Amino acid sequence: MAYHTLRHEYMQMPPVTRAYTTACVITTVAVQLDVVSPFQLYFNPLLILKQFQVWRLITTFLFFGNIGFNFLFNMIFTYRYCRMLEEGSFRSRTADFVMMFFFGASLMIIWAFFINLLFLGQALTIMLVYIWSRRNPYIRMNFFGVLNFQAPYLPWVLLGFSILLGNTPWVDLMGIAVGHCYYYLEDVLPQHRANLKILKTPLFLKHLLDPAPEEDHVPPPEFRPGGFNWGGNAAEIPPEGRQNE
């Protein structure tokens, strides 16, 4: 019974969230079992360019360290905010969601050539959190029952928490910067430049990933953060919600 329940919950996850979190867990377990070494996974420009170890462009986003508090913390946030984005503002727009991942990962890799960062998975998580927080500005957050704040402050709270744990701030700052770049290009710029859209998802990706449009579909309340009626009547004014971490 437990197996079937777990399998059902796993298959209920949206495809991008399921694929990415599964890849992260498998990579971490493989390292934990000594099947692969972190030295085979980290971002190294010299090995990528001179020895063509191109897999490092992907594995740098999949390893969050050995299984422990830091890994579990990052996985919870990755799963939570990746899923809420995919089932919220990106619902029925899987191709656009994949394009967001590609844009963020590409920009982080470019910057990583100039900044000495080995693993970029945490930066990608912070990017997801930042985009979600800017698209849900009215939600009140509660962090470990200590801090209360509006959703747009969440990435900065996580940055402070990461520093308290002794981590370098550059990874989180990169995630915030890349998330802001995406948010500005996708959400802000089109409103001020006559619907100018710089980030365009390739048509082949839309045909490959996007299902037929769903009519009159309203997601369940747990995936309508803050009461936003994603997929409902756009004329309705979303009430201020509340969400606990």
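Residues numbered from 1 in each chain as written. Predicted model: local features only at pLDDT ≥ 70, side-chain atom pairs only at ≥ 80, totals over all residues. Heavy atoms only, no water.

- As recorded by an unreviewed UniProt entry, the protein chain carries the name Derlin and is attributed to Aphis gossypii.
- As its UniProt record puts it under Function (unreviewed entry), the protein chain is described as follows: "May be involved in the degradation of misfolded endoplasmic reticulum (ER) luminal proteins." (UniProt positions renumbered as here; feature names shortened; annotations may be inferred.)

### Observations regarding the UniProt feature "transmembrane region" (unreviewed entry) in the protein chain
Then comes step 1: When the UniProt feature table is mapped onto this chain, "transmembrane region" (unreviewed entry) is found at residues 20-43, 55-79, 100-133 and 153-185.
Then comes step 2: This span, residues 100-133, is 76% helix and 0% strand, and a straight line between its end C-alpha atoms measures 15 Å.
Then comes step 3: For residues 153-185, helix accounts for 85% and strand for 0%, while the C-alpha atoms at its two ends are 20 Å apart. (Helix = DSSP H or I, 4+ residues; strand = E, 2+ residues; numbered from the N terminus.)

### Some thoughts on the state of the cysteines
Then comes step 1: On inspection of all chains with the given rule, the structure shows zero disulfides.
Then comes step 2: As a non-bridged cysteine, Cys-24 has Cys-82 as the owner of its nearest cysteine sulfur, 9.2 Å distant.
Then comes step 3: A relative accessible area of 0% means that Cys-82 is categorised as buried. (Disulfide = S-S within 2.5 Å. Buried < 20%, exposed > 50% of the residue type's maximum accessible area, 1.4 Å probe, protein only.)

### Some details on the pattern of salt bridges
Then comes step 1: Tallied over the full model, the rule gives five salt bridges.
Then comes step 2: Arg-83 is the salt-bridge partner of Glu-87, the closest N and O atoms lying 3.3 Å from each other. Placement of the pair is Glu-87 and Arg-83 together in helix α5 (residues 69-87), with a separation of four residues, close to one helical turn. Each member of the pair, Glu-87 as well as Arg-83, is classed as buried. (Salt bridge = Lys/Arg side-chain N within 4 Å of Asp/Glu carboxyl O.)

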